[in-house]
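# Structural overview
Here is how the chains run, residue by residue.
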Amino acid sequence: MLDIFAQFTAKYNYWAYIVIMMVGLFAMIAKRNLIKKMIGLSIFQTSIMLFYVAIGAKKGATIPILLSGTDPHHIDATMYVNPLPHVLMLTAIVVGVATLGVALALILRIYEKHGTLEEDEIISQIRSS
Amino acid sequence: MHAPVLTIIPLLLGSFLAVMAGWTRKSLVYPIGVLALILSSTFSVQLVMQVLSEGTMTYDLGGWSPPWGIVFIVDTFSAFMIALLIIGALATFVTCRDEIMAHFEEKSAAFVSLILLTLAGHVGIVSTGDLFNLYVLIEVAALTGYALLGLGNSRAVLSSLNYLCIGSVGASLYLLGVGYLYMLTGSLNMTDLTSVLQTFPPNASLRAAIVVLFLGLWVKMALFPFHGWLPGAYSNSSATTATLLAPMTTKVMAYVVIRLLTTVFPGGLAIPEALPEIAVVLATLAIFAGSAMAFRQTNIRRMLAYIVVAEVGYMVGGAFIGNRMAMTGAMLHILADAAMTLTLFLAVCNIARKRGSLELSNLQGLFKSMPFTMAAFVLGAMSMIGVPPLFGFFSKWYLLTGALQAEQYPFMVALIVSSLVNVVLFFRFFEVAFFEKPENNPGLLEVRWIRVAPVALVALLLIAAGLSTGLIVDKIIAGVIPASLI
Amino acid sequence: MGQRFIEKSYEETHTPNIVTAVLADYRGFDTMFETVVVFIAGLACFFIVRIRKDECIPDTYYYRHKTTGIVVHKKQLCALPLRGSAFEQVDADWAPQDVVITTICRLLIPFIQIFGLYVLAHGHYSPGGGFQAGVLIAATFILLAISHDLRTLVTRLKESTTHLVSATGVLLYFGIGVSMLLTGHHFLDYNGLAGLLGMSLSSGHSLGILLVEVGVALTVAASLITIFKLLSSKGTVTEGL
């Protein structure tokens, strides 16, 4: 019993990202307001960014910027966190923001047309037209 | 030497210059677009020649050799597909010129720019050899798609938002899969990944990674049951956008799946055993569902969109059945389907311009008023049904043979049933268009020869490609499938 | 792979910030497409939302007499052209902004912009780079729009300027890549830059990284301002006098 608990807490970062991902997915599916759905999408994408950054972490390491005074020919790789996941997630964050921007533009047009942001009202308006 | 990247460069340059021209000198926008597409097509044909004579080309971007840098890998099949995509987009661009330039000037520049960027994204997806670069290019193609699909009839914006939600979830799932693979193997490069996975012990995380990766790709290519976004998006948007995107998006994603199955995970390396079986089941359901739902549609474009859903089933089923014949059939079907869908949608674009509405009741007497366009449509429809010697017949034949060899009888039944359903669907349309008398309105807008020529050329291409299928299979496809696949 | 980046990046690119080195050099092609994604976002918002400039929108328009502050509202078809008149067009929810807010924002904006340029230039040595700098600079313009009103921003920064700057930024990145092609190296291979300008290889890489980060900052700033202007004005981006 105790070792199950130990196993659980040892990988707490992975559990955290799964919980956040499910929260985001739930918001996207269950909420009726379009803006809340978009926030759910953002949360979903953020969880994946957390996962990537968590993979690259090293115990006792600092951010991947060379400390002043290090000899460029003898750099200890264990002192610095893996930079590649950070780079990949910079790209992913920007892509997420761009998607959110386009989504907001689309939502603005929907609002201009239907006068409401609730999904069920929009669908009933379309069905009746 | 620089050929793999030269296909994308004119497209990117053209899109940036088109935006600048839209705000300074508006008359240059369309010429820039056409010039970029023509340059790109020339480079792509050159690339095909080079790859056919020299073999697979790799190109290190940034000068860094893989796996430190990003690499483009172009083999015979990718080169051919790149050429097909670019020439198809050129045909669409030339045919639908009036619809593109009908917006006000700065918006036309944005339209041209988005079209070029969509094409650049899709060509990049086909060429790249790096998993994360693939994600970025998928998002480039997707974002431009969301924007382009937002303009159309009154329901276009909602359909585009729907596509945005589902597509973003799919891309994020793909990213998650790539993350797991990187965590396990430490590599993002496709060839490097294969060599690492050869000696990798079986691992639950690896199985989860592969499942999530493929799930993301299936969502993006509208495999049943994730196809909900496709019919709405392609039928509510403007005709130009549907013509541009329908032959590209799903086929390119199917190409990615095939690339992963043949090069990154050859011979079922690291793939959980249940995954191909589930994929074939979903593919069979996709074919049945797509054909059944196409049956109930009265709008031509909506009907074609559901047929595209069924075609995705063909490609995925053929890829996952697991023998050489079926894989060849799937690859042939990607090429064939791109050409057939392009023909049909181009013809519909012309019909829409002439008649306005695309409801079946409005389309009487089309054979008389638009003979060449309808001839091209007939060729495309025959190819979809699978009539020899058109291209569609050969790809279906390979798929059927492969399914027979692997004893996948439900898939075979689905293939045959869908061909019959296609017969009914298209002949229903032909009956209205041929036998009924044309109404007395002279037609909404004229369709000049420059709009009919591309559609006719693409339709003739279907015949030419069908007759030379043996050549295509030997030269282009056979070398790409690993020899271990029987 | 991460280990190799940490150990070799300073020798090859002369950049202490390994993340920037990997982002703009080793995986520069990814970053170029990321910049293209930001460009697409601005373009897509424009494509979806923008209403034709001289389209007449029947609405109630408010005009404020500049000297006395009296506001007149007229229900009519088109907005009146008001070049050089004593009236200025205001939005329906215009309220005289608090003097404290407008003054403080006006004083702070230049400093924030300088900080943005610092973040751009020091992307090599501290966390920063093109994207972060672009966002900071866009934030200053958006701060101007929020603290005053959108019309103030639009008179200072025309719509065509933002679009042209956004295209220029991504064209700069792309142009560097293509010029490397013209010097015979691979696309986006900064060794060509070192050869062109006669520097050592690692300095060439460092300069290449700086130039592409400038391009990225331009595009990100311009696209974000475009998106803000379009979304907050519901597509009209009303140009002032």
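Residues numbered from 1 in each chain as written. Chains lettered and ligands numbered in written order. Predicted model: local features only at pLDDT ≥ 70, side-chain atom pairs only at ≥ 80, totals over all residues. Heavy atoms only, no water.

### Observations regarding the overall build of chain C
Scanning chain C from N- to C-terminus turns up nine helices and three strands. Start at the N end of chain C and walk to the C end: the helices and strands fall as α-α-α-β-β-β-α-α-α-α-α-α. Relative to its 241 residues, chain C shows a buried fraction of 53%. Contacts in chain C between residues far apart in sequence, at least 24 positions, make up 61% of those at least 6 positions apart. When the accessible surface of chain C is summed, it comes to about 10,200 Å², and 65% of that surface belongs to carbon and sulfur atoms. (Helix = DSSP H or I, 4+ residues; strand = E, 2+ residues; numbered from the N terminus. Buried < 20%, exposed > 50% of the residue type's maximum accessible area, 1.4 Å probe, protein only. Contact = heavy atoms within 4.5 Å. Areas by Shrake-Rupley, 256 points an atom, 1.4 Å probe, with all protein chains shown as cover.)

### As for the confidence of the model for chain C
Parts of the model with low pLDDT should not have their predicted coordinates read in detail. Within chain C, residue pLDDT values average 85, and 89% of them lie at 70 or more. Within chain C, the element-level pLDDT minimum falls on strand S3 (residues 87-90) of chain C, averaging 73, and the maximum on helix H3 (residues 28-49) of chain C, averaging 94. (pLDDT = per-residue confidence, 0-100.)

### Looking at the state of the cysteines
If you walk through the whole model with that rule in mind, you get zero disulfides over all chains. Between Cys 45 of chain C, a free cysteine, and Cys 165 of chain B, which holds the nearest cysteine sulfur, the sulfur-to-sulfur gap is 15 Å. (Disulfide = S-S within 2.5 Å.)

### Describing the side chain of Asp 75 of chain B
Residue and element names in this part refer to chain B. With respect to the helices and strands, the residue Asp 75 is situated in the loop between strand S2 (71-74) and helix H4 (76-95). Comment: no salt bridge for buried Asp 75; closest opposite-charge side chain is Arg 259, at 5.3 Å. Beyond its immediate chain neighbours, meaning those up to four positions away, Asp 75 contacts Val 51, Thr 56, Tyr 255 and Val 480. (Lys, Arg positive; Asp, Glu negative; His and termini not counted. Salt bridge = Lys/Arg side-chain N within 4 Å of Asp/Glu carboxyl O.)

### Remarks on a nonpolar patch on the surface
A surface patch of nonpolar side chains, amounting to about 370 Å² of accessible area, comprises Phe 8, Trp 15, Ile 18 and Met 22 of chain A. Within the fold, Phe 8 of chain A resides in helix H1 (residues 2-10). (Patch = residues over 30% accessible without salt bridge, like charges linked within 9 Å, V, L, I, M, F, W, Y side chains within 5 Å.)

### Things to note about the confidence of the model for chain A
Model confidence for chain A is summarised by a mean pLDDT of 89, while 100% of its residues fall at 70 or above. By mean pLDDT, H1 of chain A is the weakest element of chain A at 82, and helix H3 (residues 34-55) of chain A is the strongest at 94.

### Focus on the interface of chain B and chain C
Each partner contributes to the interface: chain B provides 48 residues, whereas chain C provides 43 residues. Contact between chain B and chain C buries roughly 4,300 Å² in total, counting both sides, with carbon and sulfur atoms accounting for 79%. Among the residues chain B hides against chain C, the three largest losses belong to Trp 23, Trp 64 and Trp 68 of chain B. Together they make up 20% of the total. Along the contact surface separating chain B from chain C lie one salt bridge. When the shortest N-O distance is used, the salt bridge between Arg 27 of chain C and Asp 130 of chain B registers 2.6 Å. (Buried area = accessible area lost by both parts, 1.4 Å probe.)

### Here we look at the pairing of S2 of chain B
Residues and elements named next belong to chain B. Across the two faces of S2 the burial is the same, with Val 71 and Ile 73 and Phe 72 and Val 74 all buried. Where strand S1 (residues 57-60) lies against S2, four bridges are found, and the strand directions are antiparallel. Its bridge partner being in S2, Thr 58 is matched across the sheet by Ile 73. (Pairing = 2+ DSSP bridges.)

### A closer look at the packing of aromatic side chains
Aromatic rings considered in pairs are described by the distance between their centres and by the relative angle of their planes. Taken as a whole and assessed by the stated rule, the structure comprises 31 aromatic pairs over all chains. These aromatic residues form a ring-pair network of at least three members: Phe 16 and Phe 72 of chain B together with Phe 29, Phe 33, Phe 39, Phe 174 and Phe 187 of chain C. For Arg 97 of chain B, the ring lying beneath its charged end belongs to Tyr 30 of chain B, and the centroid distance is 4.4 Å. Above the plane of the ring of Phe 295 of chain B lies Arg 428 of chain B, whose end atom (NZ or CZ) is 5.9 Å from the centre. (Phe/Tyr/Trp six-rings, centres within 6.5 Å; stacked < 30°, edge-to-face > 60°. Lys NZ or Arg CZ within 6 Å of the ring centre and 35° of its normal.)

### Considering the interface of chain A and chain C
Many descriptions give the size of an interface as the accessible area lost when the pieces come together. On the chain C side, the residues contacting the 30 residues of chain A number 31 residues. At the boundary of chain A with chain C, total buried surface from both sides reaches about 2,700 Å², with 81% on carbon and sulfur atoms. Three residues stand out in chain A for area buried against chain C, namely Ile 65, Leu 66 and Leu 84 of chain A, and they jointly supply 18% of the buried area on that side. Counting across the interface, chain A meets chain C through zero salt bridges. The tally of links from chain A across to chain C stands at four residue pairs in polar contact (both at pLDDT 80 or more). Taken together, the residues of the side of chain A that touches chain C break down into 22 nonpolar, five polar and three charged. (Polar contact = N/O pair within 3.5 Å; in protein donor to acceptor, adjacent residues only side chain to side chain. Nonpolar A, V, L, I, M, F, W, Y, C, P; charged D, E, K, R; others polar.)

### Quick look at the nonpolar core
For soluble globular proteins, the rule of thumb is that nonpolar side chains tend to be buried together. Judged by nonpolar contacts, the single largest core of 282 residues is most densely connected at Phe 214, Trp 218, Phe 265, Phe 320, Phe 426 and Phe 429 of chain B together with Phe 187 of chain C. Contacts of Phe 320 of chain B, omitting those with residues within four sequence positions, involve Phe 214, Trp 218, Val 257, Leu 261, Leu 275, Pro 276, Ala 279 and Val 280 of chain B. Judged by nonpolar contacts, the second largest core, of seven residues, contains Ala 91, Leu 346, Val 455 and Val 458 of chain B. (Core = buried A, V, L, I, M, F, W, Y, C linked by side-chain atoms within 4.5 Å.)

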